[in-house]
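# Residue-level structure breakdown
Listed below are the residues making up each chain.
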Amino acid sequence: MRWTDELGTSHGRRLRRGVLGDGREVFAKIQEPGQALTSEAALTSEAALTSEAALTSEAALTSQLVFASEAAGLRWLGEAITVPEVIEVAEDRLVLSWVRQEPPTAVAAERFGRDLARLHQAGAPAFGAPWPGFIADLPMSNAPAEDWPAFYASRRVLPFVRRARLPTRDVQLIERAVDRFGEVAGEPEPPARIHGDLWGGNLLWSCGTGVLVDPAAHGGHRETDLAMLALFGAPYLDRILGAYHEEAPLADGWRERVPLHQLHPLLVHVVLFGEGYRDGLMAAVTRVLEL
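Within each chain, residues carry numbers counting from 1 in the order of the written sequence. Only residues with pLDDT of at least 70 are given local features in this predicted model, and only at 80 or more are side-chain atom pairs given and counted; all residues enter the totals for whole chains, interfaces and linings. Side-chain measures were taken over the full set of non-hydrogen atoms in the model, leaving aside hydrogen atoms and water.

### Examining the overall build of the protein chain
Numbering goes from the N terminus for both helices and strands, where a helix is a DSSP run of H or I of at least four residues and a strand is a run of E of at least two. Along the protein chain, the regular secondary structure elements total ten helices and eleven strands. Radius of gyration (C-alpha) of the protein chain: 19 Å, near the 19 Å computed for a compact globule of 291 residues. In terms of overall dimensions, the protein chain has C-alpha extents of about 55 × 50 × 35 Å along its principal axes. Any two residues whose heavy atoms approach within 4.5 Å are treated as being in contact. When contacts within the protein chain are restricted to residue pairs at least 6 apart in sequence, long-range pairs at least 24 apart make up 66% of them. Accessible surface computed for the protein chain: about 13300 Å², of which carbon and sulfur atoms make up 51%. Counting rule for charge: Lys and Arg are taken as positive, Asp and Glu as negative, and neither His nor the chain ends is counted. To locate a charge, take NZ of a lysine, CZ of an arginine, CG of an aspartate or CD of a glutamate. Distance between charge centres in the protein chain, computed from 28 positive and 39 negative side chains, equals 2 Å. C-alpha atoms define the radius of gyration in this analysis, and the globule rule sets the expected value at 2.2 Å times the number of residues to the power 0.38. Areas reported as accessible are Shrake-Rupley estimates using a 1.4 Å probe. Residue values count occlusion only from the protein chains shown.

### Here's the deal with the environment of Ala153
With respect to the helices and strands, Ala153 occurs in helix H4 (residues 148-164). Taking relative accessible area as the criterion, Ala153 reaches 10% and is therefore assigned buried. Expressed as a C-alpha distance, the spacing of Ala153 and Glu79, which sit 74 residues apart in the sequence, is 28 Å. The residues touching Ala153, leaving out its near neighbours within four places in the chain, are Leu158, Pro159, Val178 and Phe181. Only protein chains enter the accessibility calculation, which uses a 1.4 Å probe; a residue is then buried when its area is under 20% of its type maximum, exposed when over 50%, and partly exposed in between.

### Examining the packing of aromatic side chains
Aromatic rings from Phe, Tyr and Trp, with only the six-membered ring used for Trp, were paired whenever their centres fell within 6.5 Å, and each pair was classed as stacked if the ring planes differed by under 30 degrees, edge-to-face if by over 60, and tilted otherwise. Here the structure, examined in full by the defined rule, presents six aromatic pairs. Considering the side-chain rings of Trp76 and Trp131, the 5.4 Å spacing of their centres and the 70 degrees angle between planes classify their relative orientation as edge-to-face. Of this pair, Trp76 sits in helix H2 (residues 52-77) while Trp131 is found in the loop between helix H3 (106-121) and strand E6 (133-135), placing the two residues 55 residues apart along the sequence. For Trp131, a relative accessible area of 14% puts it in the buried group. With a centroid separation of 6.1 Å and an interplanar angle of 75 degrees, the aromatic rings of Phe112 and Trp205 are classed as edge-to-face. Separated by 93 residues along the polypeptide, Phe112 in helix H3 and Trp205 in strand E9 (residues 203-206) bring together distant segments of the chain.

### Let's talk about the pattern of salt bridges
For this analysis, a salt bridge means a side-chain nitrogen from Lys or Arg found within 4 Å of a carboxyl oxygen belonging to Asp or Glu. Taken as a whole and assessed by the stated rule, the structure comprises 20 salt bridges. A salt bridge links Lys29 to Glu70; its shortest N-O distance comes to 2.9 Å. With Lys29 in strand E3 (residues 25-30) and Glu70 in helix H2, this pair connects stretches of sequence that are 41 residues apart. Glu70 matches Lys29 in its accessibility class, with the two residues each being buried. For Asp170, the salt bridge identified is with Arg278, shortest N-O distance 2.5 Å. Of this pair, Asp170 sits in helix H5 (residues 168-179) while Arg278 sits in helix H10 (residues 278-290), and the two are 108 residues apart along the sequence. Assessed through its relative accessible area of 5%, Asp170 is described here as buried. Note on Arg278: relative accessible area 21%, which makes it partly exposed. Because the salt bridges share partners, they merge into one network encompassing Asp170, Glu275, Arg278 and Asp279.

### Let's talk about the pairing of E9
Side chains Leu203 and Trp205 project from E9 onto one buried face, and the interleaved Leu204 and Ser206 project onto a second face that is buried too. Between E9 and strand E10 (residues 209-212), which pair antiparallel and follow one another directly, the connecting turn spans two residues, one of which, Cys207, has a positive phi of 55 degrees. Any two strands are treated as partners once DSSP identifies two or more bridges connecting them.

### What about the nonpolar core?
Here, nonpolar core means buried Ala, Val, Leu, Ile, Met, Phe, Trp, Tyr and Cys residues that are tied together by side-chain atoms lying within 4.5 Å of each other. Membership of the largest hydrophobic core comes to 39 residues, with the highest contact counts inside it found for Phe112, Leu116, Leu198, Leu212 and Leu229. Breaking this core down by element, the ones donating at least two residues are H2, strand E5 (93-97), H3, E9, helix H7 (222-232) and helix H8 (237-247). If you tally residues by element for this core, the top one is H3, at six residues. Leaving out residues up to four positions away in the same chain, Leu116 has contacts with Ile81, Leu198, Asp225, Leu226, Leu229 and Tyr244. Counting residues in hydrophobic clusters, the runner-up holds 35 residues, among them Phe151, Val171, Ala185 and Val271.

### What about H5?
Its twelve residues place the ends of H5 17 Å apart at the C-alpha level, agreeing with the 16 Å of an ideal helix rising 1.5 Å per residue. Those residues of H5 not exposed but buried are Asp170, Val171, Leu173, Ile174, Ala177 and Val178. Looking straight down H5, one finds that the buried residues subtend no more than 165 degrees of arc, so they occupy a single side. The outward face of H5, more than 90 degrees from its buried face, is lined by the exposed residues Thr168, Arg169 and Asp179. In this structure, the buried residues of H5 make contact with H4, helix H6 (181-184), helix H9 (258-273) and H10. Expected span, for any helix, means 1.5 Å times one less than how many residues it has. This arc describes the spread of directions from the helix axis toward the C-beta atoms.

### What about H7?
Among the eleven residues in H7, eight count as buried, and that is most of the element. Taken as a whole, H7 has its buried residues at Arg222, Glu223, Thr224, Asp225, Leu226, Ala227, Met228 and Leu229. After H7 finishes, the residue Gly233 shows a positive phi value of roughly 85 degrees.

Put into structure tokens, the structure is as follows:
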């Protein structure tokens, strides 16, 4: 493999573009020896790691698990939708096929909306997944739960409430909202095959549709992916949603439930980036309590 471009870093890993011996272009995430992560996963290890050597070891272990999780998720999603091909997954790197990007168009957005609906319809064996879950470098349990409200509360929301170090009053309001999940989640739906971290940066435009990258894939609720797109925006979002609804009509009240599905990504952003996302989080909590 020949590296052609340095593309910066992400979560303490080098990003590179390269060319294989057969001429195929690839994208790689590489955990370099001696690079210690600054993520919460490293800084709050149960082992209370303090030395540079220990932090580096923790970073390498985290990267190995993150790479394996991402590869498993991409392969699973790739059974139903366009994703990069997994070329190599190793302890210190993840190598994917290169996505040649193009400007988004309304036609591509509509095609992606239909593709996303078919992805969700491909389904999952349960709410959860058989591989470890991560969002960025933050670990998430993918252990199955009996229904989506229970999964969302116990595997996605409450663990991040504990990590977010919020004021007591905020925690109490979130716990009140969690208690209402079963009432406000809408009619039960079977597990959907979802991306799990579908903000606009993880949606690339190529070959006339959207290509999904960096998943936190698991069996979840299909409205979660749509709410994540709405949270941070995506090109031609109205066209995506319209085509999606034509392919797989959404249940009544789905728009009112958007804040419910945004609680987890907002909590993640509070954990990763701090106070700046607290107001948005608590606004979503208030809206859930009003459902």
